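# Fold and contact review
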Amino acid sequence: MKDYSEYFKAPSLKEARHRGKDDIHHIDDAYEIPADMVGIGKGQKYYIQTYGCQANERDSETLAGILESMGYEEATDIKEAQVVLLNTCAIRENAEEKVFGKIGYLKNLKRTHPDLIFGVCGCMTQEEVVVKKILEKYPQIDLIFGTHNIHRLPVLLKQAMLEKEMVLEVWSKEGDVIENLPSHRAHRYKAWVNIMYGCDKFCTYCIVPYTRGKERSRLKEEILEEVNELVQQGYKEITLLGQNVNSYGHDIYDDYNFASLLHDVSLTGIDRIRFTTSHPWEFSDDMIEAIATHDNIMPAIHLPVQSGNTEILKKMGRRYTREDYLTLFDKIKVRIPDCTITTDIIVGFPGETDEQFEDTMSLYEHCSYDLAYTFIYSPRDGTPAAKMKDDIDKHTKEQRLYRLNDLVTEKAYQNNLIYQDQIVEVLVEGTSKRDDTMLTGYTKHQKLVNFKGNNDHIGQIVKVKITEVKTWALKGEEVE
Ligand code: SAH
Ligand code: SF4
Ligand code: F3S
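Anyway, here's the lowdown on the structure attached to this text. Every chain is numbered on its own, with residues counted from 1 as its sequence reads. As a convention, the first chain written is A and the first ligand written is 1, with the rest following in written order. For a predicted model such as this one, the threshold for reporting local features is a pLDDT of at least 70, and the threshold for listing and counting side-chain atom pairs is 80 or more; totals across whole chains, interfaces and linings nevertheless cover every residue. The basis for the side-chain values is all heavy atoms of the structure; hydrogens and waters are excluded.

Right, let's talk about the nonpolar core for a bit. Generally speaking, nonpolar side chains in soluble globular proteins are found buried as a group. In this description, a nonpolar core means a group of buried Ala, Val, Leu, Ile, Met, Phe, Trp, Tyr and Cys residues linked to one another through side-chain atoms lying within 4.5 Å. Burial classes: relative accessible area under 20% of the type maximum marks a residue as buried, over 50% as exposed, and values in between as partly exposed (1.4 Å probe, protein chains only). Ranked by internal contacts, the top residues of the largest apolar core, which has 66 residues, are Ile238, Leu240, Phe258 and Ile332. The criterion used for residue contact is that any of the two residues' heavy atoms lie within 4.5 Å. Apart from residues lying up to four places away in sequence, Ile332 is in contact with Phe283, Ile288, Ile301, Leu303, Cys339 and Ile341. In this structure, Ala75, Ala81, Val84 and Val170 belong to the second largest nonpolar core, which totals 30 residues.

Near, as used in this document, describes a residue that has one of its heavy atoms within 4 Å of the molecule or strand being considered. With respect to spatial proximity, the complete set of residues near ligand 3 consists of Cys53, Asn56, Cys89, Ala90, Ile91, Cys123, Val208, Arg212 and Gln243. Residues are sorted three ways: Asp, Glu, Lys and Arg are charged, Ala, Val, Leu, Ile, Met, Phe, Trp, Tyr, Cys and Pro are nonpolar, and all the rest, Gly among them, are polar. Tallied by class, the residues present in the shell around ligand 3 amount to six nonpolar, two polar and one charged.

Let us now look at the environment of Val129. Helix numbering and strand numbering both begin at the N terminus, where a helix is a DSSP run of H or I of at least 4 residues and a strand a DSSP run of E of at least 2. Of note, Val129 is situated in helix 4 (residues 128–137). Among the residues examined, Val129 registers a relative accessible area of 43% and is labelled partly exposed. C-alpha separation for the pair Val129 and Ser12, spaced 117 residues apart in sequence, amounts to 9.6 Å.

As a further point, take the packing of helix 8 (residues 258–267) against helix 9 (residues 285–293). Convention adopted: a line fitted to C-alpha atoms gives each axis, helices being fitted over their contacting stretch, and angles between N-to-C directions are expressed from 0 to 180 degrees. As a packed pair, helix 8 and helix 9 sit with axes 8 Å apart at the nearest point and diverge in direction by 15°. In this view, helix 8 runs roughly parallel relative to helix 9, as classed from their interaxial angle. Here the hand of the crossing between helix 8 and helix 9 comes out left-handed. Residues Phe258, Ala259 and Leu262 of helix 8 lie in contact with helix 9, whose contacting residues are Asp286, Met287, Ala290 and Ile291. Here the residues of the contact of helix 8 with helix 9 are counted per class, giving six nonpolar, no polar and one charged. Every angle not falling under 35 degrees, over 145, or within 65 to 115 is termed oblique; those three ranges are roughly parallel, roughly antiparallel and roughly perpendicular. When the near helix sits turned anticlockwise from the far one by under a right angle, the crossing is termed left-handed; a clockwise turn instead gives a right-handed crossing.

Every residue lining ligand 2 is accounted for by Cys199, Lys201, Phe202, Cys203, Tyr205, Cys206, Val208, Pro209, Gln243, Asn244, His279 and Arg318. Looking at the shell around ligand 2 residue by residue, the classes come out as seven nonpolar, three polar and two charged.

Here the focus is the pattern of salt bridges. One side-chain nitrogen of Lys or Arg within 4 Å of one carboxyl oxygen of Asp or Glu is enough to make a salt bridge. Applying the stated criterion to the full structure yields 25 salt bridges. The partner of Arg185 in a salt bridge is Glu226, with the nearest N and O atoms 2.7 Å apart. With Arg185 in the loop between strand 8 (177–178) and strand 9 (190–194) and Glu226 in helix 7 (residues 220–232), the pair connects residues that are 41 residues apart, well separated along the chain. The class of Arg185 is buried, set by a relative accessible area of 17%. A single network of salt bridges, built from pairs that share partners, joins Arg58, Glu61, Glu179, Arg185, Arg218 and Glu226.

Our next topic: the sheet that holds strand 13 (residues 272–276). In this description, strands pair whenever DSSP reports at least two bridges between them. An order of 9-12-13 is seen for the three strands of this open sheet, with the pairing classed as parallel. A strand with exactly one partner marks an edge of an open sheet, and here the two such strands are strand 9 and strand 13. Each neighbouring strand pair of the sheet contributes to a mean axis angle of 25°, computed without reference to strand direction. Across the face of the sheet, helix 7 comes into contact with strand 9 and strand 12 (237–241) while running at roughly 170° to strand 9.

Right, let's talk about the layout of surface pockets for a bit. The pocket and cavity definitions rest on a 1 Å grid over protein atoms only: a 1.4 Å probe that fits but cannot leave marks a cavity, an open set with protein on both sides within 12 Å along at least five of seven lines marks a pocket, and residues lining either have an atom within 4 Å of a point. Grid points are joined across faces, edges and corners, and a volume is the space filled by probe spheres set on the points. There is about 770 Å³ of room inside the second largest pocket. Lining the second largest pocket we find 23 residues, and of these Thr431, Ser432, Lys433, Thr440 and Asn450 sit closest to its centre. Mapped by element, the contributors of at least two residues to the lining of the second largest pocket are strand 17 (423–431), strand 18 (439–443), strand 19 (448–452) and strand 21 (474–478). Its residues assigned to classes, the lining of the second largest pocket comprises eight nonpolar, seven polar and eight charged.

Right, let's get into the side chain of Thr342. Looking at where Thr342 falls in the secondary structure, it is placed in strand 15 (residues 340–347). Two N or O atoms count as a polar contact when they lie within 3.5 Å, although within protein this holds only if one can serve as hydrogen donor and the other as acceptor, and sequence-adjacent residues are included solely when both atoms are side-chain atoms. A polar contact is formed between the side chain of Thr342 and the side chain of His302, at a distance of 2.8 Å. Aside from chain neighbours lying at most four places away, what touches Thr342 is Ile301, His302, Leu303, Pro304, Tyr369, Asp370 and Leu371.

Let's shift gears to the pairing of strand 12. If a strand is regular, its side chains alternate between the two faces of the sheet. Counting buried residues in strand 12 gives five out of five residues, a clear majority hidden from the surface. Here strand 12 shows a buried face lined by Glu237, Thr239 and Leu241 and a second buried face lined by Ile238 and Leu240. Here five bridges tie strand 9 to strand 12, and the two strands are oriented parallel to one another. Paired with Lys190 across the strands is Glu237, a residue of strand 12. In this sheet, strand 13 lies alongside strand 12 in parallel orientation, the contact comprising five bridges. By the bridge assignment for strand 13, Leu240 is matched with Phe275. By convention, a crossover is right-handed whenever its connection, traced from the first strand over the helix to the second and viewed with the strands pointing away, goes clockwise. In this fold, the crossover linking strand 12 to strand 13 by way of helix 8 has right-handed handedness.

Our next topic: unusual backbone geometry. That bond from Thr276 to Thr277 is cis: its omega, 5°, falls within 30 degrees of zero. Among the secondary structure elements, Thr277 is positioned in the loop between strand 13 and helix 9. We note that Glu282 has phi near 65°; this positive angle belongs to a residue other than glycine. Its location among the elements puts Glu282 in the loop between strand 13 and helix 9. A positive phi is found at Arg319, a non-glycine position, where the angle reads about 70°. Residue position: Arg319 is located in the loop between helix 10 (310–316) and helix 11 (322–335). Look at Arg319 and you get partly exposed, because its relative accessible area is 38%.

Don't take any of this as a statement about function, it's just geometry.
This is how it looks when you write it as structure tokens:
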């Protein structure tokens, strides 16, 4: 295959794997709009399609903010847009297939709208194999940029407008923290707040440490300022985001950590605080205390276990045993009895035997999770697990997933039954998409509630009596 690296700034997994001792730079003035790009989007529209996790959702808000600061407006239909960005996810093969399907569809759109600027960004662009495939097969793409290059969008867009060649800029560096970027938030009452970027855990199956760079924390002052602004703007709920929030602060502070941050964020007075994702490793007692003692930290924790078998956990590089996990789980439930706990599970990891899978089932029984995101293992190029023998046939993997999902559904329903006839607090997000006579929102425990209530209460926290319990949602009526 042709070597494009001399023409473009292309990604390198080898560079992305590197973790040096260099200080992380917190940069306030990296973002600028070139003089001739100011107002360039006036009268034009953009469309961003987001795949993957909340980190990508938050990045898309930044991309939207940048485009709007150049004058573009959001398009409701992709066909109206002059700039289309796909913010991609690389976590599993099927995530990538979806994106390639969309790229195929957009090929036709580009034919009928030749002036359209078509860009691809996000985690997939950090992978060499993906960028090579795009260069070879999808010349209709005008712009490829990586997760470390978001603040460069105005400059890259300019190049894409002026040049006939595809513009490619993907830095495989460990990463900086770029502040002061504009953003257009997706929701009016709940907001994502990044507290750290990247991941240094290198679980053997996972691509994220390569696509997102080194673990690096934002300064606590920057985070608290953002939360205070959100409070002033009327936001009721924030979710603190990081691949591993437990590691917050380790890279920049000696004696300030995630528990300290939870405490300080709680004092801003925001009604609801959530966080994701907390790794079972380094989930400290101080974190449990903070959640237990502050009323505005929600009793709902996402605690991905991945497998219930210690040997598989070791092969996954997860840094805890089945027993460690159960000890932590039980400790949380003792200190915060009403806490809901959700999880992520991978089935069919290389070498997983029937007995090892049964350990996952029995752990699930014990924990009786409120919800789980379950996945069939997907080998990711460049990760250590991809070199292990993937010896479990597709049928067995699927059967394990079906059995697990049946248990997930059963437990979700059983756990919801305690809410029948109870009064719960719901942050009203708006009218239900399926039925506009119903309002919709989430409880403290992150349960979806559809209910009859007063439309004037959208954006407020109201009391709802639960009249019907379903597996994935509760139904009710507003009281008072
Ligand atoms: N930082 C988070 C997870 C982010 S990825 C954490 O550590 O919990 C979200 C989930 O995707 C993971 O928890 C895992 O269950 C799943 N996942 C990641 N890589 C995968 C792969 N190669 N195959 C299948 N599932 C995977
Ligand atoms: Fe991936 Fe593990 Fe990091 Fe989570 S902690 S992002 S699963 S490497
Ligand atoms: Fe996907 Fe990247 Fe998130 S790979 S899950 S979008 S960090």
